[in-house]
Amino acid sequence: MERAGQFELAADRIEQAAIPKYTLNNNTVMPCIGYGTFGSDHVTPKDVAESVKTAVSLGYRQLDCARAYGNEKEIGAAINEILASRLIKREELHITSKIWNDRHKEGEVLISCAETLRDLKLNYLDLYLIHWPFPNHHGPGCDDNERDPNAKPFNADRYLMVWHQMERLVDLGLVKSIGVSNMTIPKLDSVWPHMRIKPAVNEVELHPHLQQTGLLAYMKEKNILAIAHTPLGSPNRPDRDRTDDDTNILDDPAISKIAKAHNIHPVTVCIKWAVQRGTLPVPFSTSRSHMLSNLRCCTEYPLADTEMNDINSITTTNRFIKGTVLLWEGAPSWRCLWDLNGEIDTGGWRE
Ligand SMILES: NC(=O)c1ccc[n+]([C@@H]2O[C@H](COP(=O)([O-])OP(=O)(O)OC[C@H]3O[C@@H](n4cnc5c(N)ncnc54)[C@H](OP(=O)(O)O)[C@@H]3O)[C@@H](O)[C@H]2O)c1
């Protein structure tokens, strides 16, 4: 271990030069894998912050944070400790945060970003995202029956009002890049012509059971990088995101077969596949050995084309993060959040 203060670089860390990088549409650069920081309502903020230090010591440089995860203060203390060690410079880290659904009004984006910067102890963010395209409020740990009576569906004008505030954060130098999350093609299409700064990324659920190839092709054409959230199907996700017919990616026969052939964990197969298809996975883990193997596998041999094709051919589909708690009055089902008919679905809502 190299010591300096409390934070240490691990002797078995992955060297930065070995980690592939993506260049975004504004020429900023991101490592091909990040570290997720959502404790899924059961890992405490303190434990997530400890894991952040472990992740960075092992070679992760990208942290996928969000206001809604309720742990930015603790992660900020961890980042402070990392930077105080002088082993890593601020510009070597790539830090994302996201504005939560209850801060979509005029004037709220700057305030929310300032709160995030204060808690993360930073003077700029590398990437700031609109977490969801739906204004609403629900607190941490809520169950799937909870609904905000003031929740509303997506509306292009409302969304653009938030986006234009995000653009001003770039102008002010508080944020290097801005992006969206959980956006569909019809929603992106409706706002795209009015965006002065185009989104650098769209962070969406992507894994072998939700491959979203149409969305990825659309994003590639628009030069938007796909950040893959819940890249392992979020096996420890909160109860509100569980239904009886949910699948288990890690048991999928195509994944298991490839894992057995290489004598690797099915998780490793999922991460290699995510990076090889040009997406940026942000797996969460509290286990040092899992963090290390998740990072290392991005630097080692790739999956064969036939193996990539076998995974691409999986027909099982399952959206794990359905978003039910975000629904508004009268909305029939979580399915209307996802515009399954190729048009913006407001679930019967009239403005
Ligand atoms: N933008 C959005 O709306 C949105 C939504 C959801 C999530 N996210 C982001 O995506 C991140 C990841 O999602 P997630 O945390 O829900 O789920 P995930 O990354 O798909 O799965 C995490 C789980 O996988 C296990 N795991 C990780 N590596 C493993 C390995 N090598 N072997 C075996 N098990 C392993 C972890 O357990 P161990 O701790 O035991 O390793 C953890 O329970 C979040 O933390 C968050 O940053 C964003």
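Being a predicted model, the structure only gives us computed values, none of them experimental. Counting of residues starts from 1 at the beginning of each chain's written sequence and follows it residue by residue. Where local features are concerned, this predicted model is filtered to residues with pLDDT of at least 70; where side-chain atom pairs are given and counted, the filter is 80 or more; whole-chain, interface and lining totals use all residues.

K.L.:
For this particular structure, what's the right way to read the sheet that holds strand β10 (residues 201–205)?
P.N.:
What holds strands together in a sheet is hydrogen bonding between their backbones, with the strands either parallel or antiparallel. Pairing between strands is defined by DSSP: at least two bridges between them are needed. The helix count covers DSSP runs of H or I at least four residues long, the strand count covers runs of E at least two residues long, and both are numbered beginning at the N terminus. Read from one edge of the open sheet, 8 strands run β5-β6-β7-β8-β9-β10-β11-β12, paired in parallel fashion. Looking along the sheet, the strands with just one partner apiece sit at the ends: β5 (35–36) and β12 (280–281). When strand β8 (residues 125–130) meets strand β9 (residues 175–181), the two strands line up parallel, connected through 5 bridges. Looking at the pairing, L127 lines up with S177 of β9. Running at roughly 140° to strand β7 (residues 94–99), helix α3 (residues 108–120) makes contact with β7, β8 and β9 of the sheet. Where helix α4 (residues 156–171) meets the sheet, its contacts fall on β8 and β9, and the angle it forms with β9 comes to roughly 160°. A residue pair is marked as a contact if its C-beta atoms, positioned from the backbone, fall within 7 Å. Inter-axis angles, ranging from 0 to 180 degrees, are taken between N-to-C directions of lines fitted to C-alpha atoms, where helices are fitted over the stretch in contact.

K.L.:
I'm lost on the pairing of β8 in this one. Help?
P.N.:
Every other side chain in a regular strand lies on the same face of the sheet, so the side chains alternate between the two faces. Among the 6 residues of β8, 6 are classified as buried, and the element is accordingly described as predominantly covered. Sheet topology note: the β7/β8 ladder contains 4 bridges and is parallel. Each residue of the ladder has a partner; that of S97, found in β8, is Y128. Whether a crossover is right-handed depends on one test, that the path from the first strand over the helix to the second runs clockwise when the strands point away from the viewer. The β-α-β motif built from β7, the intervening α3 and the parallel element β8 has right-handed crossover chirality. Taking the sense of rotation as the criterion, the β-α-β connection linking β8, α4 and β9 turns out right-handed. Exposure is read from a count of other C-beta atoms within 10 Å of each residue's own; the residue is exposed at 12 or fewer, buried at 20 or more and partly exposed in between. C-beta atoms are placed from the backbone.

K.L.:
In this structure, what is going on with the pairing of β7? I would like to understand it.
P.N.:
Taking burial as the measure, the 6 residues of β7 include 6 buried ones, the bulk of the element. Residues H94, T96 and K98 point to one face of β7 and I95, S97 and I99 to the other, with burial holding for every one of them. Two strands pair when backbone bridges link them, and strand β6 (residues 62–64) and β7 are joined in this way by 3 bridges, in the parallel orientation. Within β7, the position partnered with D64 by the bridge is T96. Crossover handedness for the path β6 to helix α2 (residues 72–84) to β7: right-handed.

K.L.:
Explain the site of the ligand here, please?
P.N.:
Lining the immediate environment of the ligand, one finds 30 residues, of which G36, L232, S234, F284 and S285 sit closest. Counting residues per element, the shell around the ligand draws most heavily on helix α9 (residues 288–296), at 3 residues. Residues are counted as near a molecule or strand when the C-beta atom, derived from backbone positions, lies within 6 Å of that molecule or strand.

K.L.:
Please clarify how the environment of P302 should be interpreted in this entry.
P.N.:
In this fold, P302 is placed in the loop between α9 and α10 (305–312). Its 13 C-beta neighbours within 10 Å are what place P302 among the partly exposed residues. With sequence-adjacent residues up to four places away left out, P302 is seen in contact with K272 and Q276.

K.L.:
Explanation requested: α2 in the structure shown.
P.N.:
In an α-helix there are 3.6 residues to a turn, and that puts residues three or four apart on one side. Take the residue count of a helix, subtract one, and multiply by 1.5 Å to get its expected span. Over its 13 residues, α2 runs 18 Å from end to end, which matches the ideal 18 Å to within 8%, given 1.5 Å per residue. Buried within α2 are the following residues: E72, E74, I75, G76, A78, I79 and I82. Along its buried surface, α2 packs onto α1 (45–58) and α3. Immediately beyond the C-terminal end of α2, within one or two residues, lies R86, with a positive phi of roughly 65°.

K.L.:
I would appreciate a short explanation of the environment of F284 in the present structure.
P.N.:
With respect to the helices and strands, F284 occurs in the loop between β12 and α9. Between the alpha carbons of F284 and P140 there is a distance of 18 Å; along the sequence they are 144 residues apart. Among all residues touching F284, those that are not within four sequence positions of it are G36 and F38.

K.L.:
Explain the packing of α1 against α9 here, please?
P.N.:
Relative orientation and spacing of two packed helices are given, respectively, by the angle between their axes and the distance between those axes. For the pair α1 and α9, the least separation of the axes is 10 Å and the interaxial angle reads 40°. Relative to α9, the element α1 lies oblique. Both α1 and α9 take part in a crossing whose hand is right-handed. Facing α1, whose interface residues are T54, A55 and L58, α9 presents R288, M291, L292 and L295. Under the convention adopted here, Pro, Cys and the residues Ala, Val, Leu, Ile, Met, Phe, Trp and Tyr are nonpolar, Asp, Glu, Lys and Arg are charged, and Gly plus all remaining residues are polar. By residue class, the composition of the contact of α1 with α9 is 5 nonpolar, 1 polar and 1 charged. Roughly parallel refers to an angle under 35 degrees, roughly antiparallel to one over 145, roughly perpendicular to one between 65 and 115, and oblique to any angle outside these ranges. By convention the crossing between two helices is left-handed if the near helix lies anticlockwise of the far one by an angle smaller than a right angle, and right-handed if it lies clockwise.

K.L.:
Would you take a moment to explain the nonpolar core for this structure?
P.N.:
The nonpolar side chains of soluble globular proteins are, as a tendency, buried together. In these notes, a nonpolar core means any group of buried Ala, Val, Leu, Ile, Met, Phe, Trp, Tyr and Cys residues linked to one another through C-beta atoms within 7 Å. Ranked by size, the top nonpolar core spans 88 residues in total, and within it V52, I75, Y128, M166, A226, C270 and L280 carry the most contacts. Broken down by element, the residue count for this core peaks at 7 residues, all from helix α8 (residues 266–276). Setting aside its immediate chain neighbours within four residues, I75 contacts T37, V48, A49, V52, C65 and L120.

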